[in-house]
Amino acid sequence: MASTLENEAHSPKNIFILSGQSNMAGRGGVDKHKHWDGVVPNECSPDASRIFRLSADLHWEGAREPLHHDIDAKKTCGVGPVMSFANAIKDRVEAIGLVPCAVGGTAIKEWAQGEHLYENMVKRARVAMHHGGEIKALLWYQGESDTLSQHCAETYKANMEKLIHNVRADLHLPALPIIQVAIASGDEKYIEKIREAQKGIDLPNVVCVGAMGLQLKEDNLHLTTEAQVKLGQMLADAYLTHFAPQPPSVASS
């Protein structure tokens with residue numbers, strides 16, 4: 001914990017939890033041979049003075065692509081949506097702390113309370129808050145794995161609502177904002193059922209951003225680098241519209 005304590009003075013105050021599966025972890029620029037091309041668009045550039053990430057060993061460091069390299073460590077990670085998101089909000093939100101938690105190929109049942117993925121997410125979120133940071137939102141992009149069976153599709157909405165209730169309770173944040181992405185890919189048989197479930201969640205402080213129509217890679221599953229940049233900007237728009245404090249000039253007008 002030495003490094004964490006050393007970084008206490010630099011701990012970011014505005015925390016965002018990043019969870020879900022591969023499209024949140026980022027596969028932009030990763031080819032069919034599992035090699036990342038290393039191309040980082042300007043919109044995803046690091047900003048060492050304002051955008052930080054919580055590493056796998058719970059230390060704050062400058063955030064850069066690929067954000068999930070040590071979290072979704074069994075896969076090759078590339079560009080995801082969140083550096084674009086962070087750069088798009090940084091002029092309104094000071095000292096941003098990103099907490100990567102997404103793991104490719106995971107179904108909603110693997111994010112249930114008591115399961116490793118869920119408990120690790122909660123643990124990392126608590127560490128992020130340890131030096132006075134405040135969690136501003138949970139960004140969630142998952143569901144492709146649940147398009148594989150009728151049972152998973154039919155139970156998705158209830159499972160997602162349960163996850164939201166549980167994480168809010170466990171973090172003692174009953175109004176925690178949730179910005180979820182309605183999936184753009186998966187098994188065609190049940191993709192619309194999952195999307196309907198995602199868009200149908202009617203809980204306070206839960207908004208949905210649709211990824212359908214964004215460009216997919218040749219695998220027809222993962223978003224391209226350009227699509228990830230666009231999605232990050234869409235997530236930023238959702239956050240700034242629904243949850244961010246209004247700038248003084250707007251608030252006073």
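Calculation rules
- Residues numbered from 1 in each chain as written.
- Predicted model: local features only at pLDDT ≥ 70, side-chain atom pairs only at ≥ 80, totals over all residues.
- Heavy atoms only, no water.
- Helix = DSSP H or I, 4+ residues; strand = E, 2+ residues; numbered from the N terminus.
- UniProt positions renumbered as here; feature names shortened; annotations may be inferred.
- Phe/Tyr/Trp six-rings, centres within 6.5 Å; stacked < 30°, edge-to-face > 60°.
- Buried < 20%, exposed > 50% of the residue type's maximum accessible area, 1.4 Å probe, protein only.

## Notes on unusual backbone geometry
Here the amide bond leading from Glu65 into Pro66 is cis, since omega sits at -10 degrees, within 30 degrees of zero. Structurally, Pro66 can be placed in the loop between strand 3 (60–62) and helix 3 (82–89). The phi dihedral of Ala95 is positive, around 45 degrees, even though this residue is not glycine. Turning to its location among the elements, Ala95 is positioned in the loop between helix 3 and strand 4 (96–100). The phi dihedral of Asn205 is positive, around 60 degrees, even though this residue is not glycine. For Asn205, the position within the fold is in the loop between helix 6 (191–199) and strand 7 (206–210).

## Describing the UniProt feature "domain: Sialate O-acetylesterase" (unreviewed entry) in the protein chain
UniProt feature "domain: Sialate O-acetylesterase" (unreviewed entry): in the numbering of this structure it lies at residues 13–240. From the first C-alpha to the last, residues 13–240 spans 17 Å; its make-up is 31% helix and 16% strand.

## Topic: the packing of aromatic side chains
Per the counting criterion, the structure on display carries five aromatic pairs. Each ring, one from Phe16 and one from Phe85, has its centre 5.2 Å from the other, and the planes form 75 degrees; the classification is edge-to-face. With Phe16 in strand 1 (residues 14–20) and Phe85 in helix 3, the pair connects residues that are 69 residues apart, well separated along the chain. Here Phe16 matches Phe85 in class, with each residue buried. Where Tyr239 meets Phe243, the ring centres are 6.4 Å apart and the plane angle is 40 degrees; that geometry is what we call tilted. Note on Tyr239: relative accessible area 2%, which makes it buried.

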